[in-house]
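Coordinate inspection notes
As a plain string of letters, each chain reads:
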Amino acid sequence: MGFSQALSGLRAAATNLDVVSNNIANSQVVGFKSARAQFADVYASAQVGLGTRVAGIFQDFSDGNIEATSRNMDIAIAGKGFFRLDQQDQIQFSRNGQFTIDKNGYIVNADGARLTGYPRGEGFGGQPEVLQIPSAGLEANQTANVSGVFNLDAGSPVLPAGTFDMNDSDTYSYANSITMYDSLGNAHPSMMYFTKIGDNQWEVRISRGGELAPEVGQIDFDTNGLLVNQTNMDAFTFAPGAGAANMSVEFELDGTTQFANQFEQTEIAQDGYVSGTLMQVAVDENGGIIGTYSNEQQVTLGTVALANFQSLEGLKSVGGNAWIETKSSGIPILSVPGEGQFGSLMSGAVEASNVDLTQELVAMIIAQRNYQANAQSIKAQDEALQTTMQLK
């Protein structure tokens with residue numbers, strides 16, 4: 001008479017209790033994935049089994065609920081994928097998106113592992129790199145493009161050619177203001193002038209701080225009032241001086257019309273701005289790390305990389321709510337959020353643990369009863385052995 005079957009049952013039940021207890025202990029850990037112990041019976045040559053063994057402990061990688069937070073650097077993955085982290089030259093993978101920016105500009109988790117991705121200006125085909133937020137401010141940008149959408153009144157009178165004077169409103173049909181910027185970030189109040197010189201024909205001029213660009217553009221409309229031609233609209237030049245570079249401005253009027261309505265500005269924009277300092281960092285749904293600067297400009301500073309595996313169960317847990325690849329998991333499949341099989345990102349949110357406490361408590365009761373039953377089996381065998389020993 002042996003005790004091995006019951007002892008194996010005790011060991012298996014104890015392991016099951018450990019797994020369930022670990023699930024319960026991590027039920028509030030962001031991105032945690034619950035585990036299940038799986039068992040197999042043990043047989044030798046005899047028909048009577050030798051007990052049970054732990055066949056493996058497998059994690060459930062189903063998604064947890066997404067919960068909103070108030071932090072821009074809290075990031076949840078809505079769908080498949082893992083964050084790819086560099087932990088002292090060991091590549092780890094995690095679903096825990098609680099990140100901060102350290103003093104050196106690296107995006108890190110609570111254990112100091114650095115988030116990886118694709119730096120600004122680099123493609124998505126190469127190996128991801130550690131992401132670092134630049135400490136330098138955003139340089140000033142010289143105005144190079146001005147765009148606008150207007151309606152020019154078809155009933156405006158034709159004005160005599162060659163009489164334009166920006167100081168005399170009788171020599172042009174309409175004027176509109178805009179601010180442009182030189183290479184040093186200096187703002188230059190500017191004006192755009194429209195002069196009707198013939199049926200369906202208008203001249204366009206731009207001045208900067210009282211300096212009229214020597215170029216004269218021309219726009220033409222068809223008989224339906226639609227823009228059909230823009231001539232000499234790509235080289236309005238200025239010399240701002242004071243150490244700033246000369247300016248060459250292209251003026252786009254796509255969508256401008258000539259209907260028998262009053263002059264109207266629908267859109268106006270230009271691409272220059274002053275220098276700025278970084279004020280805030282957030283992540284968009286496609287993984288773009290967006291920096292917002294004091295000059296109200298937003299710049300994509302990099303893109304978060306995501307990874308996935310052919311066999312998630314083959315990943316090896318290394319603690320800190322992270323895993324590493326193994327031969328069983330296969331090599332990581334890399335991409336960016338929203339591409340192919342990969343989920344999108346949600347800034348200001350985290351993925352909660354997928355532990356179901358009700359289910360775990362039921363599993364704990366079952367594991368406890370199994371343990372008690374195996375203990376009773378040992379007790380019964382011990383009593384039978386004692387009875388045998390007392391035979392005379």
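Structural data are supplied above this passage.
Residues numbered from 1 in each chain as written. Predicted model: local features only at pLDDT ≥ 70, side-chain atom pairs only at ≥ 80, totals over all residues. Heavy atoms only, no water.

A separate point is the overall build of the protein chain. Across its full length, the protein chain holds two helices and 29 strands. Looking at the protein chain residue by residue over its 392 residues, the buried ones come to 41%. Taking all contacts inside the protein chain whose residues are at least 6 apart in sequence as the whole, residues at least 24 apart take part in 61%. On the protein chain, roughly 20,400 Å² of surface is accessible, and the fraction owed to carbon and sulfur atoms is 48%. (Helix = DSSP H or I, 4+ residues; strand = E, 2+ residues; numbered from the N terminus. Buried < 20%, exposed > 50% of the residue type's maximum accessible area, 1.4 Å probe, protein only. Contact = heavy atoms within 4.5 Å. Areas by Shrake-Rupley, 256 points an atom, 1.4 Å probe, with all protein chains shown as cover.)

The next point concerns unusual backbone geometry. One non-glycine residue, Asn200, lies in the positive phi region at around 65°. Within the element layout of this structure, Asn200 appears in the loop between β13 (187-198) and β14 (201-208). Classification of Asn200 by relative accessible area gives partly exposed; the value is 23%. One non-glycine residue, Ala242, lies in positive phi territory at about 55°.

This brings us to the pattern of salt bridges. Applying the stated rule across the entire model yields seven salt bridges. One salt bridge connects Glu351 with Arg95, and the closest N-O pair in it is separated by 2.8 Å. Separated by 256 residues along the polypeptide, Glu351 in strand β29 (residues 349-351) and Arg95 in the loop between β6 (90-94) and β7 (100-101) bring together distant segments of the chain. Side by side, Glu351 and Arg95 carry an identical accessibility label, which is buried. The shortest N-O distance in the salt bridge between Arg208 and Glu211 comes to 2.4 Å. The class of Glu211 is partly exposed, set by a relative accessible area of 25%. If you follow the salt bridges from partner to partner, you end up with Lys33, Asp63, Arg95 and Glu351 in one network. (Salt bridge = Lys/Arg side-chain N within 4 Å of Asp/Glu carboxyl O.)

Quick look at the environment of Glu285 now. With respect to the helices, strands and loops of the structure, Glu285 is situated in the loop between β21 (278-283) and β22 (288-293). For the pair Glu285 and Ala140, spaced 145 residues apart in sequence, the C-alpha to C-alpha distance is 28 Å. For Glu285, the contacting residues outside a window of four places in its chain are Pro337, Ser344 and Leu345.

Turning our eyes to something else, we now look at the packing of aromatic side chains. The full count for this structure, using the stated rule, is 15 aromatic pairs. Look at Phe61 and Phe82: their rings are 6.0 Å apart centre to centre, the planes differ by 75°, and that puts the pair in the edge-to-face class. Note that Phe61 is positioned in the loop between β2 (51-59) and β3 (66-68) and Phe82 in strand β5 (residues 82-87), a separation of 21 residues in sequence. Residues Phe61 and Phe82 agree in their burial class; the two are buried. Taking the centre distance of 6.5 Å and the plane angle of 75° together, the rings of Phe236 and Phe251 count as edge-to-face. Of this pair, Phe236 sits in strand β18 (residues 236-238) while Phe251 sits in strand β19 (residues 247-252), and the two are 15 residues apart along the sequence. In this structure an aromatic cluster arises from ring pairing among Phe61, Phe82, Phe93, Phe309 and Trp323. (Phe/Tyr/Trp six-rings, centres within 6.5 Å; stacked < 30°, edge-to-face > 60°.)

All we've got here are geometric facts, nothing functional implied.
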